[in-house]
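If you want the building blocks of each chain, they are given just below.
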Amino acid sequence: MASGPPTRVLHVDLSTGTATSESLAPSVRRRFLGGKGVGAYTLYRELAPGTDPLSPDNVLVLAVGPLTGLLPGEPRCVAVTKSPLSGTFTDSYVGGAFAARLPNALGDHAAVVVEGEATEPTVLRLADGAATLRPTDQWGRSIPETDRALDGATACIGPAGERRVRYATLGTDGGDHQAGRGGVGAVAGSKRLKAVVADGEPRTPTDVGDEAASVADAYDRAFHESDTGRWLDASGTMETLDFADEVGVLPTRGWQADRFEGSERIGIDAVRAAATARERDGDFRIATAPSEDTASDDRNSTVPRGATPMVLGAGLGIDDFDAVVALGDRCDRLGMDVISAGNAVAWAIRASDTGLLDDVETPPLAFGDPAAAEALLTRIAARDGALADALADGVDAAAARFGGDDLVPTVKSVALPAYDPRGSLAMALAYATSDRGACHRRARPVVTEVFATERWSHRERAEAVAAEQTLRSALWCLVADDFVGETLSDYGAELLATVGLAYEPDELLDVGERVWTLTRLFNVREGFTRDEDRLPTLVRQPSADAVREGVDPATFDDLLSTYYRVREWDAEGRPTRALLDRLDLLDLVDDATPVPGGTAGDGRNDGPERDA
């Protein structure tokens, strides 16, 4: 079993069926740690600018961190790739048995980098640091079916990934957990990679030693005694719907209102009424209706995370809890991100209502109709028909084809998730500057801004967003759940020391800033400019119910400039040479990346050393 910090990266080439092992230079391990950091480093170094995300030249990185399996809560791993939806760097996190077993399955590797394209549907199996490839007959099967058919802890794609739906997911534990946003499942599908199986025992603190077990136990007690820990134990993330509705930032019926009159029927009270049991980490369990994919009539599954009732419930005007759970389950089985899929359905309903689809063959569409929503979700996963095919490429693609770019907001082609930024200017900034497109997990300043007793200044908003992004970036290098990591006063430094990595808390924040800057460099190299850090058309307009005013573009432009200054980026949002020097990134930056203030290094001073 792996106990110390991993020192290598495993490369698997699907085109040739071969695997090689690459040493990570000590300076790379020190600067990037693992998880998001190793993924960002690998993606920046290995991808040429302009690489088609669905071509064999793209890579899919599955990475663990030095604290995966050692911290409280659910073990997590990260999938990193160039997004087929946004064209940006993207990282998506997933838990479950696969994440728990992946560290030991990888041995002394921090990540597996999947390259090329297989000639037939393939399963990659990882055990004791080695990789084997085998053909599979599971192509066309759902995530739960594939999970049951394969022996071991599995991360797999469903029909949506096979059809290259650009927001397809990689699901674990039969779909209970999903690496959702950004389309990592579509990248796997383009490579004909149906599944990755992690063999071996879950990594635990006792694998590392008595000191690690003692520190981990203290962390666990501190987490469950914290406000965040008690909140998660009591409600998971389901209470976010109740919060968003209460403060008036809950997108409802395709972003036409900010409160949902049926929220109490799909929120935390509905969960508690339906729950049959609750796991130690706070996940509720409920009995769900059988489907064609379930092994028995008594499926006992986790309640969806808070985004599901927000987007598939309030967002679609559906106040039936069982129906919302069924829609989320449909997305999970087909392998589609619930946020992107729900927003795609909402866009279609609004486009239909406004006459944009009059010349297109469409199924009946209406808010409050779960059967119509489920039918369209199923067609999107299969790319069945002109509308579904366009929606499978995202809301922006559908709007480009049929019109209606002001119906559902996106940033970098990624649909906005849970919180309407018209109720929080800081949240608008967080969405606009997220490295993977609109994301509420990079920073959630709405939680504090809406309760602030005094109006925030631009500087306060910019600093709050930057600080949250930096902290989460550091936590995702570990890999730590951000909810858990936020409760640790030292960000996990004491536990890191038990695995041979000495960092002060401030040094961990430096890692977070370094990695956030590197993902920005990746996006800048791909041609992203200040124009892409824009506010969507809809957010600049008042809400349809006249409750929220639109965000003034000039005001937001001033805020964005303040954020760039806080980040030490230039007026176009490009990291400066002085910042790269401070963060020890100059040697990595290549000539294709514009760097204000002078040229950077040749970017090849710590290249890989591969062993067969």
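Definitions and limits used
- Residues numbered from 1 in each chain as written.
- Predicted model: local features only at pLDDT ≥ 70, side-chain atom pairs only at ≥ 80, totals over all residues.
- Heavy atoms only, no water.
- Helix = DSSP H or I, 4+ residues; strand = E, 2+ residues; numbered from the N terminus.
- Rg over C-alpha atoms; globule rule 2.2 N^0.38 Å.
- Buried < 20%, exposed > 50% of the residue type's maximum accessible area, 1.4 Å probe, protein only.
- Contact = heavy atoms within 4.5 Å.
- Areas by Shrake-Rupley, 256 points an atom, 1.4 Å probe, with all protein chains shown as cover.
- Lys, Arg positive; Asp, Glu negative; His and termini not counted.
- Charge placed at Lys NZ, Arg CZ, Asp CG, Glu CD.
- Pairing = 2+ DSSP bridges.
- Axes fitted to C-alpha atoms, helices over the stretch in contact; angles between N-to-C directions.
- Phe/Tyr/Trp six-rings, centres within 6.5 Å; stacked < 30°, edge-to-face > 60°.
- Lys NZ or Arg CZ within 6 Å of the ring centre and 35° of its normal.
- Disulfide = S-S within 2.5 Å.
- Parallel < 35°, antiparallel > 145°, perpendicular 65-115°, else oblique.
- Left-handed = near helix turned anticlockwise from the far one by under 90°.
- Nonpolar A, V, L, I, M, F, W, Y, C, P; charged D, E, K, R; others polar.
- Expected span 1.5 Å × (residues − 1).
- Arc of directions from axis to C-beta.

A.B. asks: Help me understand the overall build of the chain, please; the structure alone is not making it clear to me.
C.D. replies: Of regular secondary structure, the chain possesses 25 helices and 18 strands. By the compact-globule yardstick of 25 Å for 612 residues, the chain fits well, its C-alpha radius of gyration being 23 Å. Principal axes of the C-alpha set define a box for the chain whose edges measure 60 × 55 × 50 Å. Of all 612 residues assigned to the chain, the portion counted as buried reaches 63%. If you take every contact in the chain between residues at least 6 apart in sequence, the share linking residues at least 24 apart comes to 68%. With an accessible surface of roughly 21,000 Å², the chain has 46% of that area assigned to carbon and sulfur atoms. One finds the centroid of the 62 positive side-chain charges in the chain at a distance of 2 Å from the centroid of its 100 negative side-chain charges.

A.B. asks: What should I look at first to understand the side chain of threonine 90 in this one?
C.D. replies: Locating threonine 90 in the fold gives a position in strand S5 (residues 89-94). Its relative accessible area of 0% is what places threonine 90 among the buried residues.

A.B. asks: Looking at this model, I keep getting lost on the pairing of strand S4 (residues 77-82). Mind explaining?
C.D. replies: In summary, the side chains of a regular strand alternate between the two faces of the sheet. Among the 6 residues of S4, 6 are classified as buried, and the element is accordingly described as predominantly covered. On S4, burial covers both faces: Cys77, Ala79 and Thr81 on one face and Val78, Val80 and Lys82 on the other are all buried. Of the pairings in the sheet, the one linking strand S3 (residues 60-63) to S4 comprises 3 bridges and is antiparallel in character. Of the residues in S4, the one forming a bridge with alanine 63 is valine 78.

A.B. asks: Before we go on, may I ask you to explain the sheet that holds strand S10 (residues 170-172) in this structure?
C.D. replies: Two pairing modes exist for strands in a sheet, parallel and antiparallel, and in both the strands are linked by backbone hydrogen bonds. Within the open sheet, the 6 strands sit side by side as S8-S7-S12-S9-S10-S11. Their pairing is mixed. Every other strand in the sheet has two partners, leaving strand S8 (130-135) and strand S11 (177-179) as the edge strands with one partner each. Across the sheet, the mean angle from the axis of one strand to that of its neighbour is 20°, orientation sign disregarded. In terms of strand pairing, strand S9 (residues 153-156) meets S10 through 2 bridges, oriented antiparallel. Within the sheet, the bridge partner assigned to cysteine 156 lies in S10 and is glycine 171. Seen against the sheet, helix H3 (residues 97-106) touches strand S7 (122-127), S8, S9, S10 and strand S12 (193-198) and runs at an angle of roughly 70° to S12.

A.B. asks: Looking at this structure, how should I read the packing of aromatic side chains?
C.D. replies: Centre-to-centre distance and the angle between the planes together describe a pair of aromatic rings. Per the counting criterion, the structure on display carries 7 aromatic pairs. Plain terms: the ring middles of phenylalanine 243 and phenylalanine 451 are 5.9 Å apart, the flat faces sit at 55° to each other, and that makes the pair tilted. Taken together, the residues phenylalanine 243 in helix H10 (residues 239-247) and phenylalanine 451 in the loop between helix H19 (446-449) and helix H20 (458-478) connect sequence positions 208 residues apart. Residue phenylalanine 451 is classed as exposed on the basis of its relative accessible area, which comes to 52%. Ring centres of tyrosine 563 and tyrosine 564 lie 6.3 Å apart, and the angle between their planes is 55°; this geometry places the pair in the tilted category. Look at tyrosine 563 and you get buried, because its relative accessible area is 0%. For tyrosine 564, a relative accessible area of 1% puts it in the buried group. Following the ring pairs from residue to residue traces out a cluster consisting of Phe243, Tyr419 and Phe451. Positioned over the ring face of tyrosine 503 is arginine 30, at 3.7 Å from the centre of the ring.

A.B. asks: Mind showing me how you'd approach the state of the cysteines here?
C.D. replies: Note on terminology: disulfide describes a covalent bond linking the sulfur atoms of two cysteines. This structure, assessed with the given rule, holds 0 disulfides. Here cysteine 477 stays free of any disulfide, with the sulfur of cysteine 77 as its closest cysteine sulfur at 15 Å. Given a relative accessible area of 0%, cysteine 477 falls into the buried group.

A.B. asks: I'm lost on unusual backbone geometry in this one. Help?
C.D. replies: Note: most peptide bonds trans; most residues except glycine with negative phi. Cis geometry marks the peptide bond from leucine 478 to valine 479; its omega dihedral reads -15°. Although it is not a glycine, aspartate 128 sits at a positive phi angle of roughly 55°. The topology assignment puts aspartate 128 in the loop between S7 and S8. Despite not being glycine, arginine 192 has its phi angle at roughly 60°, a positive value. As for its placement among the helices and strands, arginine 192 is situated in the loop between helix H6 (184-190) and S12.

A.B. asks: Help me understand the pairing of S5, please; the structure alone is not making it clear to me.
C.D. replies: Judged by how many residues are buried, S5 sits mostly within the fold: 6 of 6 residues are covered. Here S5 shows a buried face lined by Phe89, Asp91 and Tyr93 and a second buried face lined by Thr90, Ser92 and Val94. As defined by bridge partners, S4 adjoins S5 across 6 bridges and the pair is classed as antiparallel. Opposite lysine 82, over in S5, you have phenylalanine 89 as the bridge partner. Counted along the chain from S4 to the antiparallel partner S5, the turn is 6 residues long, and its residue glycine 87 has a positive phi close to 75°.

A.B. asks: How should the packing of helix H14 (residues 338-353) against helix H17 (residues 395-402) be read in this particular structure?
C.D. replies: Two numbers describe how H14 lies on H17: the axes approach to 10 Å, and their chain directions differ by 20°. Classified by the angle their axes make, H14 and H17 are roughly parallel. Viewed along their axes, H14 and H17 form a crossing whose handedness is right-handed. The segment H14 lies against H17, with Asn343, Ala344 and Trp347 engaging Val395, Ala398, Ala399 and Phe402. Considering only residue class, the contact of H14 with H17 consists of 6 nonpolar, 1 polar and no charged.

A.B. asks: I tried to follow helix H8 (residues 210-225) on my own but got confused; where do I start?
C.D. replies: Helical geometry: 3.6 residues make up each α-helical turn, so side chains three or four residues apart lie on a common side. Helix length check: H8 (16 residues) gives 23 Å between terminal C-alpha atoms against 22 Å at 1.5 Å per residue, within 8%. The complete set of buried residues in H8 reads Ala212, Val215, Ala216, Tyr219, Phe223 and His224. The arc that holds every buried residue of H8, seen down its axis, measures 160°, which confines them to one face. In this structure, H8 carries Asp210, Glu211 and Glu225 as exposed residues pointing more than 90 degrees from its buried face.

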